[in-house]
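# Structural overview for review
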Amino acid sequence: MTQKEFLNIVMPFKDKVFRLAKRLLISTEEAEDATQEVLLKLWNNKVKIAEYKNVEAFSMTMTKNYCFDKLKSKQAQNLKLVHSNYEEKNTPLQKQVELNDSVNWVGKIIADLPEQQKMIIQLRDIEDYDLDEIAKMLDMNNTAVRVALSRARKTIREKLTNTHSYGVK
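So, here's what we can say about the structure. Residue numbering note: each chain is counted from 1, following its sequence as written. Side-chain atom pairs in this predicted model are given and counted only at pLDDT of 80 or more, local residue features only at pLDDT of at least 70, and totals for whole chains, interfaces and linings cover all residues. Only heavy atoms go into the side-chain values, all of them from the structure, while hydrogens and water stay out.

The next point concerns the packing of helix α6 (residues 115-126) against helix α8 (residues 142-164). In the contact formed by α6 and α8, the axes pass within 9 Å of each other and the chain directions differ by 95 degrees. In terms of axis orientation, α6 runs roughly perpendicular to α8. Two secondary-structure elements touch here, α6 through Q116, Q117, I120, I121, R124 and D125 and α8 through V145, A148, L149, R151, A152, R153 and I156. Think of each axis as a best-fit line through the C-alpha atoms, taken over the contacting stretch in the case of a helix, with angles from 0 to 180 degrees between the N-to-C directions. In DSSP terms, a helix is any run of H or I states spanning at least four residues, a strand is any run of E spanning at least two, and both are numbered starting from the N terminus. Put simply, angles under 35 degrees are roughly parallel, angles over 145 are roughly antiparallel, angles from 65 to 115 are roughly perpendicular, and the rest are oblique. Contact between two residues is taken to exist if any of their heavy atoms lie within 4.5 Å; hydrogens are not considered.

In this section: a negative patch on the surface. Patches were defined on residues exceeding 30% relative accessible area and lacking a salt bridge, with like-charge contacts within 9 Å and nonpolar side-chain contacts (Val, Leu, Ile, Met, Phe, Trp, Tyr) within 5 Å. Here the accessible surface of atoms and residues is derived via Shrake-Rupley with a 1.4 Å probe, and residues count as covered only by protein chains that are part of the display. A pair is scored as a salt bridge if a Lys or Arg side-chain nitrogen falls within 4 Å of a carboxyl oxygen belonging to Asp or Glu. Note on charges: Lys and Arg go in the positive column, Asp and Glu in the negative column, and His and the chain ends are not counted at all. Every charge is mapped to an atom, namely NZ of Lys, CZ of Arg, CG of Asp or CD of Glu. A grouping of E127, D128, D130, D132 and E133 is seen on the molecular surface, where their side chains present a negatively charged patch. Note on placement: D130 falls in the loop between α6 and α7 (131-137). Type-normalised accessible area, obtained with a 1.4 Å probe on protein chains alone, sets the label of each residue: buried when under 20%, exposed when over 50%, and partly exposed for intermediate values. Of the residues examined, D130 reaches a relative accessible area of 46% and is grouped as partly exposed.

In summary, the pairing rule links any two rings of Phe, Tyr or Trp, Trp by its six-membered ring, whose centres are within 6.5 Å, and it sorts them by plane angle into stacked for under 30 degrees, edge-to-face for over 60 and tilted for everything else. Counted under the stated rule, the structure contains two aromatic pairs. Both rings, one in Y52 and one in F58, keep their centres 4.1 Å apart while their planes meet at 20 degrees; by these two values the pair is stacked. Given a relative accessible area of 24%, Y52 falls into the partly exposed group. The partly exposed category is assigned to F58, whose relative accessible area is 30%. Only when the NZ of Lys or the CZ of Arg is both within 6 Å of the ring centre and within 35 degrees of the ring normal is a charge said to sit over the ring. Sitting over the face of the ring of W43, K46 holds its NZ or CZ atom 3.7 Å from the ring centroid.

Once that is clear, we can look at the pattern of salt bridges. Evaluation of the coordinates by the stated rule reveals three salt bridges. Across the pair K118 and E115 runs a salt bridge whose closest N-O atoms are separated by 3.7 Å. With K118 and E115 both in helix α6, this residue pair falls three residues apart, about one helical turn. For the salt bridge of R153 with D125, the shortest nitrogen-to-oxygen distance reads 2.5 Å. Taken together, the positions of R153 in helix α8 and D125 in helix α6 put the pair 28 residues apart, joining distant regions of the chain.

Further remarks concern the nonpolar core. Counting residues in each nonpolar core, the largest one holds 15 residues, and the members touching the most others are I110, L113, I120, I121, I134, V145 and I156. The contact partners of V145, leaving out residues within four places of it in the chain, are I120, L131, I134, A135 and M140. Among buried residues, those of type Ala, Val, Leu, Ile, Met, Phe, Trp, Tyr and Cys that are joined through side-chain atoms within 4.5 Å constitute a nonpolar core. In terms of nonpolar packing, the next biggest core, distinct from the first, is built from 10 residues, V17, V38, L39 and I49 among them.

Remark: helix α1 (residues 3-25) packs on helix α2 (residues 28-44), axes separated minimally by 8 Å, with the N-to-C direction vectors making an angle of 145 degrees. The handedness of the crossing between α1 and α2 is right-handed. Each of Q3, F6, V10, F13, K14, V17, F18, A21, K22 and L25 in α1 lies in contact with α2, whose residues at this interface are T28, E30, A31, E32, A34, T35, V38, L39, L42 and W43. When residues are sorted by character, Ala, Val, Leu, Ile, Met, Phe, Trp, Tyr, Cys and Pro go into the nonpolar class, Asp, Glu, Lys and Arg into the charged class, and all the rest, Gly among them, into the polar class. A breakdown of the residues in the contact of α1 with α2 according to their chemical character gives 13 nonpolar, three polar and four charged. Each crossing gets its handedness from the near helix: less than a right angle anticlockwise from the far helix is left-handed, clockwise is right-handed.

With 18 residues, helix α3 (residues 55-72) ought to run about 26 Å at 1.5 Å a step, and its terminal C-alpha atoms sit 26 Å apart, in line with that. Along α3, the positions that sit buried rather than exposed are V55, S59, M62, T63, Y66, C67 and K70. The arc that holds every buried residue of α3, seen down its axis, measures 130 degrees, which confines them to one face. For α3, the side-chain oxygen to backbone nitrogen distance between the N-cap and E56 is 3.1 Å, and the N-cap itself is N54. An expected span of 1.5 Å times one less than the residue number is assigned to each helix. The directions from the helix axis to the C-beta atoms are what the arc is built from. Polar contact is the term for a pair of N or O atoms within 3.5 Å; when the atoms are in protein, one must be able to donate a hydrogen and the other to accept it, and sequence-neighboring residues count only if both atoms are side-chain atoms.

See below:
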């Protein structure tokens, strides 16, 4: 299995692994470490990945077990106390730059969508209108609005993923 094939399998659920680790470990740094450990274990066992029926479910189970082991260890007891009482108020500059860049990319991608999808994304995800209200506003069937919204979101997700994984082989 090549690195690109591995990334194609793992990238769709990498963020889910992180969110689960973050919820269990509380600390962002610990969650990043847990995510990295799980992905590293998957990479080291990449030969066996084809044997798993559902790689995503397997990695979520690995994440859960890794986090529970981390919480049980003596080392984590101190970390748990620190992180439950301390909350970072300032976002690091690099993270702010990355977030702003992602927002700008989403804006560019939305601008390139077909007019109908652009309107539906704007009304639903930015203006927060109901699907029924959007259907009335655009004189469309409710099902057609849902389909267009789904296609627009899929396009945005795919283009943003391609942008963020640019140069990774």
